[in-house]
Amino acid sequence: MDQKILSLAAGKTADKLQEFLQSLKEDDLTDLLQNQAVKGKAAGALLRAIFKGSPCSEKAGTLRRRKIYTYCIQLVESGDLQKEVASEIIGLLMLEAHHFPGPLLVELANEFISAIKEGNLVNGKSLELLPIILTALTTKKGNMAYGKGELSGEECKKQLINTLCSGRWDQQYVIQLTSMFKDVPLTEEEAELVVEKVLRMFSKMNLQEIPPLVYQLLVLSSKGSRKSVLEGIIAFFNELDKQHAEEQSGDELLDLVTVPSGELRHVEGTIILHFVFAIKLDYELGRELLKHLKAGQQGDFSNNLCPFSIALLLSVTRIQRFEEQKISIVKSFKDLQLLQGSKFLQNLVPHRPCVSAMILEVVKNSVHSWDHVTQGLVELGFILMDSYGPKKILDGKTIETSSGLSRMPNQHACKLGANILLETFKIHEMIRQEILKQVLNRVVTRASSPISHFLDLLSNIIMYAPLVLQSCSSKVTETFDYLSFLPLQTVQGLLKAVQPLLKVSMSMRDSLILVLRKAMFASQLDARKSAVAGFLLLLKNFKVLGSLSSSQCSQSIGVSQVHVNVHSRYNSVANETFCLEIMDSLRRCLGQQADVRLMLYEGFYDVLRRNSQLANSIMQTLLSQLKQFYEPKPDLLPPLKLEACILTQGDQISLQEPLDYLLCCIQHCLAWYKSRVVPLQQGEEEEEEEAFYQDLDDMLESITNRMIKSELEDFELDKSADFSQSTGIGIKNNICAFLVMGVCEVLIEYNFSISNFSKNKFEEVLSLFMCYKKLSDILNEKAGKGKTKMANKTNDSFLSMKFVSDLLTALFRVLLWRYTSIPTSVEESGKKEKGKSISLLCLEGLQKIFSAVQQFYQPKIQQFLRALDVTDNEDREDADVSVTQRAAFQIRQFQRSLLNLLSSQEEDFNSKEAALLVTVLTSLSKLLEPSSPQFVQMLSWTSKICKENSREDALFCKSLMNLLFSLHVLYKSPVTLLRDLSQDIHGHLGDIDRDVEVEKTNHFAMVNLRTAAPTVCLLVLSQAEKVLEEVDWLITKLKGQVSQETLSEEASSQATASNHPAEKAIIMQLGTLLTFFHELVQTALPSGSCVDTLLKDLCKMYTILTALVRYYLQVCRSSGGIPKNMEKLVKLSGSHLTPLCYSFISYVQNKKSQGLKYTGEKKKEKTAVATAMARVLRETKPIPNLIFAIEQYEKFLIHLSKRSKVNLMQHIKLSTSRDFKIKGNILDMVLREEGEDENEEGTASEHGGQNKEPAKKKRKKE
């Protein structure tokens, strides 16, 4: 039968074939087709013949064709056919599908949909046919029956897709179904339907099935719905990561972890790879990703920014530029800082995830073959370090050029960059060489910029794995060649960082020694200093056999330590020869300039502590050097040859020998030797050695005794001596004076260390201090008379930290006890100046200690406060007392002291002491938890002090008000406080209209005529500025959220509802600030900083009001309507602020012109007039900016009125005329000639001033 069908099909016409097929039973044809297909014979040829004999132009043919289609689909799905046969059959069905009439295509499609819903598909091969059927359906013209009505082909397709997406999909066919849709022409609405359905299926899929599904979804996204695809995938993996983190941090006994960590990360890595390829083909997808993440920065959508989305972003850096994202990261730090400093914002904005923690999470996850992310991480790390590292100023010192507010975010960003690079270095072997190379390049090429952050990173990298870095030794060795040309600080940092490598690699050490020896004889001083620094470092780190281990200085070097100690005997012997060679080289440096010698003296003590076997060599060197400047005769005064320390070459006089540093080095080495080496020595051992140690001791003792006996005249440094910097003798005397002072400091410490708290020794210490003080007083006195202050050039103190800490430990309790226990008795015995100064010194010491502990020892604050509490040692149960409770206890003591001080008479009030007390209270209040009752108590106490005490002292007022504001912002917004203070200022300073009498409110007694301006005025304006910044930040966030919402009414109304608390808060803040400015613009402020700052802040106020109006323009576009309280705010601005701003501008201009007129009358010189004119121009500069800001506000109000259908302009009088008239009186003054009659001019200018004044008053009354 099959042969007959094939032979008939070979004929020219299909008539006979049609007749034959018509004569057959339905089952015969299907059985025949099945036999042929199963046997793998010419099923394709038979199918072609059947289609040829079943034309769609006849009804019977169409029905036969339809049945064959249905049967073939079942046959393919049965799984009985070979792959090639099934593919051939599907291919033929595809080719013939477009011949079907529309209704039959709908039927076929519905059969597919039913099979999918009921789960009847076996292998899903037949699904390849469905997109062809749906595509064919869209080409059919005319309407066709569908359900109860008639629809076009396009509409039928839409209904079918809707039905398919609303039905159940079997898990195993999700990928095939998604893949199928990429071949169907979809509208945006249809694509959205499909994407939503696929995204809903994610949670039902196995993890390993997700990557191919994501790939198909990304391909599908080119038809539209890119945003939904991105958001869906990112949200799914964000949720998966969160679940995974919760499972891992849960009970360790539970082994029911849904997904192993490695598997999840590998899946995410594969998806990132798919994204990279998809974005290469579809740039629009990349742009959408950037837009999506940027929107997440502006709004508060936590799903937008998560470790997975950051990894995606970093992976596409090779395709898309991402400088903006660098700024976004820093912006997120600034946002965090703003939130931490404001209770107002914390109440309104939900907790934001930490970006740096997310990025470091990405680094950790990237170990699982996230190759595409790694390069992006390295780039980001270097961008952050380059852009936000420390900045440069003159004299090689580094400083942050940015303002205080932005400094911390910049530091965080730089630290994050370093952490990214370090963690990436640890995880990825492939990228290590690249990171090391880039770090070293920056160290060498950026000599003029601060590179401490790169040196710290290099040190951390090397400390992590010195053995691993042996493979990169050539890069480090290349860097050594540049040592002579680098600044000393860089050389020291670099050599310290690479020190662990020198222990592991002999070749590297040899390369360094060659470079250093060469530098030792260089002509540049810096190169020689670098050589000394390098050699001292080598001496410190290559221990000679038998050296004591110094716990203070030991460094954990990890793996390299093991490597070195394997041959410790050999290494130590070799090290001894090596170290003695270096010592020989360094001895030669003692004949070089003072700077080189000074470096040696500063370095020898550290070498001795690390390498005690070099003690003899070092001490002998120091002894022989000291003998050159020591007077051996015991009766000779002074005991030191200061003349020999000074070098005179022609007119040039300079220091040749830093004798004070030499003595300091000897004193430290001697103290260390006595405490560490002598106790370990045996009876007869090293007699020779002890002899020269005894020599040094005797010499220091002799120098002490003779220095005490010496008078300043013995050094030729009495009051009559010349200390000017312009003469040779003056320069020489200055050098000698500093040497003597340094020697005194060294001897003070030496005698204190050997005193064992004996009275005689302490008397010697005091005598040495008196010598130091006399000389210091003379220098300060002489410097005061000169033009340049010598105080700026004073050398660093020689007193060691150990000495200072021993003294402070002894003194601290005395200071605290004395100040907090007996301030009243000091006040009563009061008139003694000595008692007062000690009291003040105690307080100063306390203040410095509190601030130092907070700044440098933050983690140890708990221990510090516990140590202060004397009772704590007796009762160990208090060990768990919080920092807040301990700080509150200390605060109460200082509060009592301040109250005692304030209760004294005005003439007895010690301003400096009060300011210091407030500084101490400010330091301690930072330790209080803002949510604690102790914090609230501190705030209410400070507020009470400000309200009840009046002191005409600007310094005290400023520090107390600053404390009040710093506490208040962490409790709630300070706007009501600002309003009350502005009323007080207005009451004390009076009104700009002299005819108006202002009622004095007296909320805060601290505000009085003396402190109201500029002190309090500038403080409140600065706080108002901060509040405006916060409001501006909130408005920007709200704008970001509104722009993210779709234009559908439901979404917009939801957005408006969710924004409601923030909107209300913004309007409340601006309303209260408006009343604050309403008071200040009516106040007769003095010219200068107060007026300038007020004008600038008013300009900001209007700019932010404009921003709020523009936000409501956005809201109105989508949902319509503005809240009633916004209308009230606009009304308030029109009635209480804008008219008064113009009055204030007139007041300022009149005040300036009167001042100028006065200058003109007093001084006849044209230059004086020109200077006054320049000052007027400078001080009135903010006025045009303010007028522009007001007009911009009014312009956007008109737009909002039109859009919201609310007349917002009814309470606002438009500023139609700007008062930019040419003022004749000022013009006359500039143009007048010297010889003209001034009285006449003066009269004219007075008339001009009088004509102007009533206009201002008139506007005021309106």
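Right, let's walk through the structure included here.

The rules behind the values
- By convention here, each chain's residues receive numbers from 1 onward along its written sequence.
- Confidence filtering applies because this is a predicted model: local features only for residues at pLDDT of at least 70, side-chain atom pairs given and counted only at 80 or more, and all residues used for totals across whole chains, interfaces and linings.
- With hydrogens and water set aside, each side-chain value is computed from the structure's full complement of heavy atoms.
- Elements are defined by DSSP. Helices are runs of H or I of four residues or more, strands are runs of E of two residues or more, and each kind is numbered from the N terminus.
- Exposure is judged per residue with a 1.4 Å probe applied to protein chains only, and the accessible area is read against the type maximum: over 50% gives exposed, under 20% gives buried, and values in between give partly exposed.
- Residues are treated as being in contact if the distance between any of their heavy atoms lies within 4.5 Å.
- Here an angle of 0 to 180 degrees is reported between the N-to-C directions of two axes, which are lines fitted to C-alpha atoms, with helices fitted over the stretch in contact.
- Roughly parallel means an angle under 35 degrees; roughly antiparallel, over 145; roughly perpendicular, 65 to 115; everything else is oblique.
- Polarity classes work like this: nonpolar for Ala, Val, Leu, Ile, Met, Phe, Trp, Tyr, Cys and Pro, charged for Asp, Glu, Lys and Arg, and polar for all others, with Gly in that last group.
- A helix is expected to span 1.5 Å multiplied by its residue count minus one.
- This arc is taken over the directions from the axis of the helix to the C-beta atoms.
- When two cysteine sulfur atoms lie within 2.5 Å, the pair is treated as a disulfide.
- Like-charged residues within 9 Å of one another, or nonpolar side chains (Val, Leu, Ile, Met, Phe, Trp, Tyr) within 5 Å, are grouped into patches, provided each residue has over 30% relative accessible area and no salt bridge.
- With residues, only the protein chains shown are counted as cover, and all accessible areas are computed by Shrake-Rupley using a 1.4 Å probe.
- Only one rule defines a salt bridge in this text: a Lys or Arg side-chain nitrogen within 4 Å of an Asp or Glu carboxyl oxygen.
- Any two strands between which DSSP finds at least two bridges are classified as paired.

### Brief notes about the overall build of the protein
Now for step 1: When you go through the protein residue by residue, the secondary structure sums to 53 helices and 6 strands.
Now for step 2: Expressed as a percentage of the 1262 residues in the protein, the buried residues total 51%.
Now for step 3: Contacts in the protein between residues at least 24 apart in sequence constitute 75% of all its contacts with a sequence separation of at least 6.

### Considerations on the packing of helix H25 (residues 488-504) against helix H26 (residues 506-520)
Now for step 1: One way to put it is that H25 packs onto H26 with a least axis distance of 6 Å and a crossing angle of 130°. Between H25 and H26, the crossing angle belongs to the class labelled oblique. Only Met506, Met508, Arg509 and Leu512 of H26 make contact with H25, whose side of the interface consists of Leu495, Leu501, Leu502 and Val504.
Now for step 2: Per-class residue counts for the contact of H25 with H26 are 7 nonpolar, no polar and 1 charged.

### Comments concerning helix H6 (residues 83-96)
Now for step 1: Its 14 residues place the ends of H6 20 Å apart at the C-alpha level, agreeing with the 20 Å of an ideal helix rising 1.5 Å per residue.
Now for step 2: For H6, the full list of buried residues reads Val85, Ala86, Ile89, Ile90, Leu92, Leu93 and Glu96. Down the axis of H6, the buried side of the element spans an arc of 160°, and every buried residue falls inside it. For H6, the exposed residues set more than 90 degrees away from the buried face come down to Lys83, Glu84 and Leu95.

### Digging into unusual backbone geometry
With the exception of glycine, the majority of residues adopt a negative phi angle, and the majority of peptide bonds are in the trans configuration.
Now for step 1: Here the amide bond leading from Leu637 into Pro638 is cis, since omega sits at -10°, within 30 degrees of zero.
Now for step 2: Mapping Pro638 onto the fold places it in the loop between helix H31 (615-627) and strand E5 (646-649).
Now for step 3: Cis geometry marks the peptide bond from Ala1013 to Pro1014, where omega comes out at 0°.
Now for step 4: Position of Pro1014 relative to the elements: it lies in helix H45 (residues 1012-1044).
Now for step 5: Positive phi is not limited to glycine here, since Glu716 has a value of about 60°.
Now for step 6: Looking at the secondary structure, you find Glu716 in the loop between helix H33 (687-709) and helix H34 (728-755).

### Quick notes on the state of the cysteines
Now for step 1: Under the counting rule described, the total for this entry stands at 0 disulfides.
Now for step 2: Looking at Cys665, it has no disulfide partner, and the nearest cysteine sulfur is the one in Cys669, 4.0 Å off.
Now for step 3: Of all cysteine sulfurs in the structure, the one in Cys1090 sits closest to Cys1017, which takes part in no disulfide; the separation is 3.8 Å.
Now for step 4: On the basis of relative accessibility, which here comes to 0%, the residue Cys1017 falls in the buried class.

### Quick notes on the environment of Ser54
Now for step 1: Along the polypeptide, Ser54 turns up in the loop between helix H4 (43-52) and helix H5 (59-78).
Now for step 2: Taking the C-alpha atoms as reference points, Ser54 and Arg64, 10 residues apart in sequence, are found 6.5 Å from one another.
Now for step 3: Leave out the neighbours within four places in its chain, and Ser54 touches Leu21, Gly61, Arg64 and Arg65.

### Observations regarding a nonpolar patch on the surface
Now for step 1: Residues Met801, Phe856 and Tyr857 make up a contiguous nonpolar surface patch of about 380 Å² in total accessible area.
Now for step 2: Along the chain, Phe856 falls in helix H38 (residues 833-856).
Now for step 3: Judged by relative accessible area, which is 58%, Phe856 ranks as exposed.

### Section: the pairing of E5
Now for step 1: Note that E5 and strand E6 (residues 652-655) share 4 bridges and pair antiparallel. Paired with Ile646 across the two strands is Leu655, which belongs to E6.
Now for step 2: In this structure, the hairpin formed by E5 and E6 is closed by a connection of 2 residues, where Gly650 is found at a positive phi of approximately 65°.

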